[in-house]
Amino acid sequence: MTEKHIVLEDIDPVVFYGVGNSHLQMIKALYPKLRIVARDNVLRVIGADEQMSVFEEQVEAMRKHVLKFNRISEEDILDIINGRKTKDEAVKGVVVYSVSGRAIKSRSENQQRLIDAFEKDDMIFAVGPAGTGKTYLSIALAVKAMKEKQAKKIILSRPAVEAGEKLGFLPGDMKDKIDPYLQPLYDALEDMIPAAKLQDMMDKHIIQIAPLAFMRGRTLSDAVVILDEAQNTTSAQIKMFLTRMGWNTKMIITGDMTQVDLPRDTQSGLREAMLILKGVEGISFVEMTKKDIVRHKLVTRIVNAFEAYERDKKRKS
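This paragraph deals with the pattern of salt bridges. Oppositely charged side chains are able to pair whenever their charged atoms sit close together. For the structure shown, the criterion picks out 19 salt bridges. A salt bridge links Asp 79 to Arg 84, with the shortest nitrogen-to-oxygen separation between them at 2.9 Å. Arg 84 sits in the partly exposed class, given a relative accessible area of 46%. A salt bridge links Glu 310 to Lys 313, with the nearest nitrogen and oxygen atoms 3.9 Å apart. A residue pair is termed a helical-turn pair when its members lie 3 or 4 positions apart in one helix, as Glu 310 and Lys 313 do in helix α12 (residues 297-316) at 3 residues.

In contact at an axis separation of 8 Å, helix α10 (residues 235-242) and helix α11 (residues 269-277) are set at 60° when each is read in the N-to-C sense. By the angle between their axes, α10 is oblique relative to α11. As for the relative orientation of α10 and α11, their crossing is right-handed in sense. Residue-level inspection shows Ser 235, Ile 238 and Leu 242 of α10 in contact with α11, the latter providing Gly 269, Leu 270, Glu 272, Ala 273 and Leu 277. Here the residues of the contact of α10 with α11 sort into 5 nonpolar, 2 polar and 1 charged.

On the surface, Leu 298, Ile 302 and Phe 306 cluster together to form a nonpolar patch covering roughly 310 Å² of accessible area. Its place among the elements puts Ile 302 in helix α12. Since its relative accessible area comes to 46%, Ile 302 is described here as partly exposed.

Pairing within the open sheet is antiparallel, and its 3 strands lie in the order β1-β3-β2. Every interior strand has two partners, whereas the edge strands, β1 (2-7) and β2 (35-39), have only one. Between one strand axis and the next, the sheet turns by 15° as a mean value, whatever way the strands run. Of the strands in this sheet, β1, β2 and β3 (42-47) touch helix α3 (residues 49-69), which is tilted by about 5° from β1.

On to the nonpolar core. Ile 139, Leu 189 and Met 192 are the most contacted members of the largest nonpolar core, which totals 37 residues. Ranked by residues supplied to this core, first place goes to helix α7 (residues 134-147) with 8 residues. Not counting residues up to four positions away in its chain, the partners in contact with Leu 189 are Ile 139, Val 143, Leu 156, Leu 198, Ile 207 and Ile 209. Core analysis: the second largest hydrophobic core is formed by 23 residues, Ala 223, Val 225, Ile 238 and Met 274 among them.

Analysis parameters
Residues numbered from 1 in each chain as written. Predicted model: local features only at pLDDT ≥ 70, side-chain atom pairs only at ≥ 80, totals over all residues. Heavy atoms only, no water. Salt bridge = Lys/Arg side-chain N within 4 Å of Asp/Glu carboxyl O. Buried < 20%, exposed > 50% of the residue type's maximum accessible area, 1.4 Å probe, protein only. Helix = DSSP H or I, 4+ residues; strand = E, 2+ residues; numbered from the N terminus. Axes fitted to C-alpha atoms, helices over the stretch in contact; angles between N-to-C directions. Parallel < 35°, antiparallel > 145°, perpendicular 65-115°, else oblique. Left-handed = near helix turned anticlockwise from the far one by under 90°. Contact = heavy atoms within 4.5 Å. Nonpolar A, V, L, I, M, F, W, Y, C, P; charged D, E, K, R; others polar. Patch = residues over 30% accessible without salt bridge, like charges linked within 9 Å, V, L, I, M, F, W, Y side chains within 5 Å. Areas by Shrake-Rupley, 256 points an atom, 1.4 Å probe, with all protein chains shown as cover. Pairing = 2+ DSSP bridges. Core = buried A, V, L, I, M, F, W, Y, C linked by side-chain atoms within 4.5 Å.

Structural data, given as structure tokens:
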């Protein structure tokens, strides 16, 4: 008889064990010759060597399923034990799954171009109007790279530029003042990584969210690094950010040139960087349009209305 301890790494054991331990009871019933005891995220298993080996392989397959899809059903468990693909595995083109099990994948031609560019190049500029999924899809690609062990860290950053408000008048310490600017990044991560796991990864600095100013002096290696709202960087800031790139790192720079909050006499660093770096090998440029907007249909109408207003204003001036 052999005793082994199997650690369910990187997943929520509650999802693996099922509601009221229903999945665990099913697994025990499918392996009547093994004694299986669960404690936290560790399975203590006692039994014959031959059965133990098969059990380990199948539990690992179940763990990977939970890691990838954030869920597992009794039907999935039976499929895995019987050597069949689960229904989720049969679906193609998915980047990652949300915590609710929703498939996150490209919803437009240009979103697919962003996915393809991430596979091909180490630096990607993704620009376009609000609602085109630039930030959300970029974070999904980073989470996928982390889950597949292609990256050790995810680093997300934004310039803290006032859009009509002043930081000094916000309550709290510097973290409290900065966090509202970073909230869209937290929102996307919370949609893709279970809350307890996300907090643990942030506590261990595996996932880092910080204002752009905090990037100075760092070399970012073995990571996926995303600079969001890059249209609000100055030339010096974006140059500083781009030169933080270290070994085995991918960078995604997102922005919307119609929403620049810099002073009127300051040129957007994003616009300048895209002009300077065009044609540089290893850098991709993905431009999204109104056709890629995936938010409420009113967002497209709002974007159209503002564009018409700006065109009319230029004609009159």
